Amino acid sequence: MPTLPHRILYVHHAAVLGGAEISLLELIRCLDRARYDPVAMLPGEGPLTFALRELNVPIHFAPLRRLKRSWNPVRWLQYAQSARRVAAQVREIVQRLHIDLIHLNGWPAMFFLSSAVRGLPCVLHLRDVAVPRLVQRQFSRRITRIIAVSNAVARLSPPGRTVVIH
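Residues numbered from 1 in each chain as written. Predicted model: local features only at pLDDT ≥ 70, side-chain atom pairs only at ≥ 80, totals over all residues. Heavy atoms only, no water.

Focus on the pattern of salt bridges
In the structure shown here, the tally under the stated rule is four salt bridges. In this structure, Asp 37 and Arg 7 form a salt bridge, with 2.9 Å as the shortest nitrogen-oxygen distance. Residue Asp 37 is found in strand S2 (residues 36-42), and its partner Arg 7 is found in strand S1 (residues 6-11); the two are separated by 30 residues along the sequence. Overall, Asp 37 belongs to the partly exposed group, its relative accessible area being 22%. Notably, a salt bridge pairs Glu 45 with Arg 53, separated by 2.9 Å at the nearest N-O pair. A relative accessible area of 47% means that Glu 45 is categorised as partly exposed. (Salt bridge = Lys/Arg side-chain N within 4 Å of Asp/Glu carboxyl O. Helix = DSSP H or I, 4+ residues; strand = E, 2+ residues; numbered from the N terminus. Buried < 20%, exposed > 50% of the residue type's maximum accessible area, 1.4 Å probe, protein only.)

In structure tokens form, the structure reads like this:
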């Protein structure tokens, strides 16, 4: 009996096309579709959405937001409320679509999905050296593996779970 492909949920916090998004597209484009079945979650329509559709990747939308550094408690309350809504949507999608792995494309996705990934393998594709320490401490322990794009990024990540892929 043939095995079904592993379903991967790729989560990204923007629908624009920049470096992180192009990297994500290349990763998905090179997947062996007989072994892996990609699904994407984005905050809305945009160039990344159109590019993923060209690759025949199903897309789900959730209120992921760009995080901005702020000391404003109202903004962090809004982020927390948004994170609860996103986590609920992700849990529903994970169950309904039988997701095997979550791939978080950047640390903002980690912030929004940390409570939804319990019990499921989760990879964080980390490209930034400017990840707030609070975010790292609070949320990275739920990440199974971290892919760092450079040694500098890896030095800021938890040892033992981080691999560098340039």
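This is not the end of the story, as more comes after the structure.
As for the nonpolar core
Membership of the largest hydrophobic core comes to 25 residues, with the highest contact counts inside it found for Leu 9, Val 11, Met 41, Val 90, Ile 99, Ile 102 and Leu 104. Residue assignment for this core shows that the elements contributing at least two residues are S1, S2, helix H3 (73-97), strand S4 (101-104), helix H4 (107-113), strand S5 (122-126), strand S6 (145-148) and helix H6 (151-155). With five residues, the single largest contributor to this core is H3. Discounting chain neighbours no more than four positions away, the residues touching Ile 99 are Arg 7, Leu 9, Val 39, Ile 93, Val 94 and Leu 120. Tyr 10, Leu 31, Leu 52 and Ile 59 belong to the second-largest nonpolar core, a separate cluster that totals 14 residues. (Core = buried A, V, L, I, M, F, W, Y, C linked by side-chain atoms within 4.5 Å. Contact = heavy atoms within 4.5 Å.)

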